[in-house]
Amino acid sequence: MITAEAILEGQIILIDKPLTWSSFQAVNKLKYILKRHYNLPKKFKIGHAGTLDPLATGLLIICTGKFTKTITEIQAQAKEYIGTITLGSTTPSYDLETEVDATFPTEHISSDLILETTKHFLGEIDQKPPVFSAIKKDGVRLYEHARAGETIEIAFRKTTIYEFEITRIALPEIDFRVICSKGTYIRSLAFDFGKALESGGYLSALRRTKIGNYNVNDAVIPQVFEQQLSASTPQSPFE
């Protein structure tokens with residue numbers, strides 16, 4: 001079992017982030033669990049390697065101690081996601097955080113057209129981050145501008161899609177698996193994909209399954225992590 005010394009020295013903990021939790025909440029929960037179980041000092045190094053939106057689930061890599069120095073390196077690795085795009089409508093946030101603001105026809109969309117369109121998103125692409133995102137412009141996060149009703153000009157960014165596979169077609173829903181580079185917004189991919197089909201689209205489900213060689217199959221939800229620790233005997237040099 002992990003010891004207090006090991007936590008302070010440095011550990012990588014794989015968490016399966018629950019739906020509606022922010023990444024910040026997940027880190028704070030782990031910090032609370034670890035501090036209480038091991039009687040750790042108030043301040044110890046802990047952080048996550050790659051944010052997940054509250055409406056996404058899946059792999060969140062949490063680092064402690066010296067492994068917090070590897071966060072940038074982990075974030076730079078390719079990521080795999082699975083999810084669902086709902087065609088025929090759009091939302092301002094490109095996902096279910098906001099209500100549908102426009103609808104579009106889908107009668108012309110065939111399975112062949114969907115599969116053919118995925119090819120246009122492979123390789124290096126230009127992508128605009130969603131206006132409902134944490135990126136800062138003029139020192140203010142974009143979602144703060146959006147919630148204030150302000151119109152903001154957002155620049156395109158380069159990102160790379162290594163694989164884009166359609167795994168289910170049941171219009172208006174399509175399921176997908178994508179492997180992409182750091183900085184890719186899957187919400188923007190959903191929006192742009194709907195637009196490329198001459199319709200609309202938004203992300204209605206998302207799960208991160210891999211970051212580099214780390215797999216969500218090896219992760220646990222915070223509640224299970226806490227139960228596993230509770231079943232063990234804490235070993236702390238600070239008692």
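Residues numbered from 1 in each chain as written. Predicted model: local features only at pLDDT ≥ 70, side-chain atom pairs only at ≥ 80, totals over all residues. Heavy atoms only, no water.

## Let's talk about the nonpolar core
And step 1. By size, the foremost hydrophobic cluster in this structure holds 23 residues, and its most contacted members are I114, F164, F176, V178, I186 and F193.
And step 2. If you list the elements that add at least two residues to this core, you get β4 (79-87), β10 (157-170), β11 (173-180), α6 (186-196) and β12 (201-211).
And step 3. Discounting chain neighbours no more than four positions away, the residues touching I114 are L87, I109, I166, I169, L171, I174, F193 and L197. (Core = buried A, V, L, I, M, F, W, Y, C linked by side-chain atoms within 4.5 Å. Buried < 20%, exposed > 50% of the residue type's maximum accessible area, 1.4 Å probe, protein only. Helix = DSSP H or I, 4+ residues; strand = E, 2+ residues; numbered from the N terminus. Contact = heavy atoms within 4.5 Å.)

## Describing the side chain of K17
And step 1. Following the sequence through the fold, K17 ends up in strand β1 (residues 12-17).
And step 2. An unpaired buried charge is present at K17: no salt bridge exists, and D16, the closest side chain of opposite charge, is 8.1 Å distant.
And step 3. A distance of 3.3 Å separates a polar atom in the side chain of K17 from the backbone oxygen of D53.
And step 4. For K17, the side chain forms a polar contact with the main-chain oxygen of A56, separated by 2.7 Å.
And step 5. Other than its neighbours up to four places away in sequence, K17 contacts S22, S23, A26, L52, D53, P54, A56, T57, G58 and L60. (Lys, Arg positive; Asp, Glu negative; His and termini not counted. Salt bridge = Lys/Arg side-chain N within 4 Å of Asp/Glu carboxyl O. Polar contact = N/O pair within 3.5 Å; in protein donor to acceptor, adjacent residues only side chain to side chain.)

## Some remarks on a nonpolar patch on the surface
And step 1. A grouping of L19, L55 and L96 is seen on the molecular surface, where their side chains present a nonpolar patch of about 270 Å² in accessible area.
And step 2. For L55, the location among the structural elements is in the loop between β2 (46-48) and β3 (57-64).
And step 3. A residue is classified by how much of its surface remains accessible, and L55, at 37% relative accessible area, is partly exposed. (Patch = residues over 30% accessible without salt bridge, like charges linked within 9 Å, V, L, I, M, F, W, Y side chains within 5 Å. Areas by Shrake-Rupley, 256 points an atom, 1.4 Å probe, with all protein chains shown as cover.)

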